[in-house]
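Next come the chains, spelled out residue by residue.
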Amino acid sequence: MESEKSIPFAKPISIAGVNYTHFEMQEATVDDLFDAEIELSRVGGGTHTPLAFNGQMMVRQLTKVSNVKGDVFEGPFTINMLKNWGTRNYRVLRNKQAELDLLGEVEESDQDQA
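Residues numbered from 1 in each chain as written. Predicted model: local features only at pLDDT ≥ 70, side-chain atom pairs only at ≥ 80, totals over all residues. Heavy atoms only, no water.

A. Region of interest: the confidence of the model for the protein. Across the protein, the average pLDDT comes to 86, with 84% of residues at or above 70. Across the protein, element-level confidence peaks in strand 4 (residues 72-73) with a mean pLDDT of 98 and bottoms out in helix 4 (residues 87-113) with 77. (pLDDT = per-residue confidence, 0-100. Helix = DSSP H or I, 4+ residues; strand = E, 2+ residues; numbered from the N terminus.)

B. Representation of helix 1 (residues 30-41) in the model. The first and last C-alpha atoms of helix 1 sit 17 Å apart over 12 residues, in line with the 16 Å expected at 1.5 Å per residue. Among all positions of helix 1, only Asp32, Ala36 and Leu40 are buried. Burial along helix 1 is one-sided: seen end-on, the buried residues are contained in an arc of 60°. Away from its buried face, by an angle of more than 90 degrees, helix 1 presents the exposed residues Val30, Asp31 and Phe34. Looking at the buried side of helix 1, the elements it contacts are helix 2 (50-61). (Expected span 1.5 Å × (residues − 1). Buried < 20%, exposed > 50% of the residue type's maximum accessible area, 1.4 Å probe, protein only. Arc of directions from axis to C-beta. Contact = heavy atoms within 4.5 Å.)

C. Focus on the layout of surface pockets. If you add up the space inside the largest pocket, you get close to 290 Å³. Every residue lining the largest pocket is counted, 13 residues in all, and those nearest its centre are Leu51, Gly55, Ile79, Leu82 and Lys83. Where the lining of the largest pocket is concerned, the elements lending two or more residues are helix 1, helix 2, helix 3 (79-84) and helix 4. Per element, the largest residue contribution to the lining of the largest pocket is four residues, and it comes from helix 2. For the lining of the largest pocket, the class distribution of residues is seven nonpolar, four polar and two charged. (1 Å grid on protein atoms, 1.4 Å probe; cavity = no way out; pocket = protein on both sides within 12 Å on 5 of 7 lines; lining within 4 Å. Points joined across faces, edges and corners; volume = space filled by probe spheres on them. Nonpolar A, V, L, I, M, F, W, Y, C, P; charged D, E, K, R; others polar.)

D. Fine view of the pattern of salt bridges. All told, the structure shown has four salt bridges when counted by the stated rule. Two residues, lysine 96 and glutamate 99, come together in a salt bridge whose shortest N-O distance is 3.0 Å. Of this pair, lysine 96 and glutamate 99 both sit in helix 4, three residues apart, roughly one helical turn. What emerges from the salt-bridge pattern is a single network uniting Lys5, Glu24 and Lys64. (Salt bridge = Lys/Arg side-chain N within 4 Å of Asp/Glu carboxyl O.)

E. Seen up close, the environment of phenylalanine 34. Locating phenylalanine 34 in the fold gives a position in helix 1. Looking at phenylalanine 34, the relative accessible area reads 54%, which means it is exposed. Between the C-alpha atom of phenylalanine 34 and that of methionine 57, which follows or precedes it by 23 residues, the distance is 9.7 Å.

F. Spotlight on the pairing of strand 3 (residues 62-66). By the criterion of burial, strand 3 is predominantly enclosed, with four of the five residues buried. Relative to strand 3, strand 2 (residues 18-25) runs antiparallel, the two sharing four bridges. Bridging from a neighbouring strand, phenylalanine 23 pairs with valine 65 of strand 3. Relative to strand 4, strand 3 runs antiparallel, the two being bridged by two bridges. Residue pairing for strand 4: serine 66 is matched across the bridge by valine 72. (Pairing = 2+ DSSP bridges.)

Encoded structure:
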């Protein structure tokens, strides 16, 4: 079931034959940043490949997907899943990711001034 924190996908996604309409995402951690970069370095990418890097970050930041029937999938999420969800859903996820990044920067700025 969707919570107040859930965000709708542009169009439903399918995982193992179940359609999901909403997602939740958490703010990135330093561990997420390192893990994404390490994973990309294994395949010749890194922070210099922003689409792949953001994708690696997304699969780490996604906490769950859900639908109105109460179905919930809490991961693990993979790049291959993300590739199948389409560009409109990628943009929705990327916008939420950018929003969370900005919130983290504001919080860090507030802490620096204290």
